[in-house]
Amino acid sequence: MRRLRARVTRGLAGLALAVAALTMPATAGSGSAGGHVADRVTLGAVGNSRAETLDRERETGRRLEGVRAFKRWDEPLIGSDQRWAVRTGHSLFLSVKSRLLDGTAVRWRDLADAAPGSPLYADLLRQARELESVHGTVQLVFNHEADAKTSRPLGTPAEFVSAWRHLVSIQRAAGVTNVRYVWTMTDQAFQQGYAAPYYPGDGYVDAIAVDAYNWYDCRGGNGRWTTLAELIEPHREFGLRHPGKDLMVLEWGSVEDPARPGRKAQWIRDAAALFDRPGYRGYRAVLHWDDRFTGPRDGGGCQFDYRTSPQSLNAWRAMAADPVYGPAPARRAHDTPWPAAVSTVLLGSGAAAVTGLIWWVRRRRPTGRT
């Protein structure tokens, strides 16, 4: 009987240790080629439609986890393309501009003051119902780049904050639980110190994002070549003052240097390596921008497309193949992976299981045996 009890005890202890090993969080050395499984970054790009997303994935040579769609205030937020993206496991980033399809401004003050029974309040409820109908998480961006010149006619920083909070409060009251709120500003707002007045507060924000560009000699770039690390450093420092918030780069890109072919490709390679550095592990998503589908149709403007040269496209493809950029999207702070929960239950109840099994064996043993 003593031997049986010892075998049972050793067996259950071994089971508990095995479960612990299987459910233990990945360490820095877990990934191949230096990748950190626990710190993977969602890589993506603009994808207003299923066709656009598939086109990007074909040219990239692999699946893109993040899909960024842009909507105006008076159009449906969730269409068949967005449902397809979520259904196929993509992480949906949805930007909603405070303008109508015809360009008319929807002022932040009016949104903040929208009361039950008003048309704007009805819009807010409609959007809440659409978002709630999605069978997956939506990363929602209300009026990205609120500090940009194009947004200034919409209101003041204080009015933006009030509109943001009103929108979030209405969605929460309507029972929306599958939305993460991603506050997004230009890199200049962080660099020049005027981002803070636009910040709605930690209680209304899940992630802090930035749009960052190396303009160089295009449209006011002043000929200064700037790395992505330089562009987002003030954003990173802002994030450190708000612990617990995910950091994201929702638009980024560089122009080519005509005098130095391959310089943009190296810029992309440097950007790819950046988010595997210890100081940048707070970044959970990096989504590339270009104007193929949302910008000028005449080929004008700054060319941030990663296809501007064969070298740049190859650098982008190499980034997409890096194990750092894997399929794990940002999750809410209160979410706990189910394996860890299972491990906790099994390990915590190990002693009780051993005691119970020994009691059962004793009850089953024949009378008179020792």
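Residues numbered from 1 in each chain as written. Predicted model: local features only at pLDDT ≥ 70, side-chain atom pairs only at ≥ 80, totals over all residues. Heavy atoms only, no water.

Novice: Before we move on, can you summarise the state of the cysteines with the specific residues and values?
Specialist: The bond known as a disulfide is covalent and runs between the sulfur atoms of two cysteines. Using the criterion set out here, one finds 1 disulfide in the structure. Covalently, Cys 218 is tied to Cys 302 through a disulfide, its sulfur atoms 1.9 Å apart. Since a negative S-S torsion denotes a left-handed disulfide, the Cys 218-Cys 302 link at about -95° is left-handed. Residue Cys 218 is found in the loop between β6 (207-214) and α8 (228-240), and its partner Cys 302 is found in the loop between β8 (283-288) and α10 (310-321); the two are separated by 84 residues along the sequence. Residues Cys 218 and Cys 302 agree in their burial class; the two are buried. (Disulfide = S-S within 2.5 Å. Helix = DSSP H or I, 4+ residues; strand = E, 2+ residues; numbered from the N terminus. Buried < 20%, exposed > 50% of the residue type's maximum accessible area, 1.4 Å probe, protein only.)

Novice: Would you mind going over the confidence of the model for the chain in detail, with residue names and values included?
Specialist: For the chain, mean pLDDT is 82; residues scoring 70 or higher make up 74% of the total. In the model, residues 8-38 has pLDDT below 50 throughout and makes 29 contacts with residues more than four positions away in sequence or in other chains. (pLDDT = per-residue confidence, 0-100. Contact = heavy atoms within 4.5 Å.)

Novice: Talk me through the packing of aromatic side chains; I want residue IDs and the actual numbers.
Specialist: Applying the stated rule across the entire model yields 22 aromatic pairs. Plain terms: the ring middles of Trp 252 and Trp 267 are 5.9 Å apart, the flat faces sit at 25° to each other, and that makes the pair stacked. Residue Trp 252 is located in strand β7 (residues 246-254), and its partner Trp 267 is located in helix α9 (residues 263-274); the two are separated by 15 residues in the primary sequence. For the pair Trp 252 and Trp 267, one class covers both residues: buried. Members of the aromatic cluster, joined through ring pairs, are Trp 73, Trp 108, Phe 142, Phe 160, Trp 164 and Tyr 198. Sitting above the plane of the Tyr 280 ring, Arg 236 keeps its charged end 5.2 Å from the centroid. Across from the ring centre of Tyr 216, 5.7 Å away, lies the NZ or CZ of Arg 263, which sits over that ring. (Phe/Tyr/Trp six-rings, centres within 6.5 Å; stacked < 30°, edge-to-face > 60°. Lys NZ or Arg CZ within 6 Å of the ring centre and 35° of its normal.)

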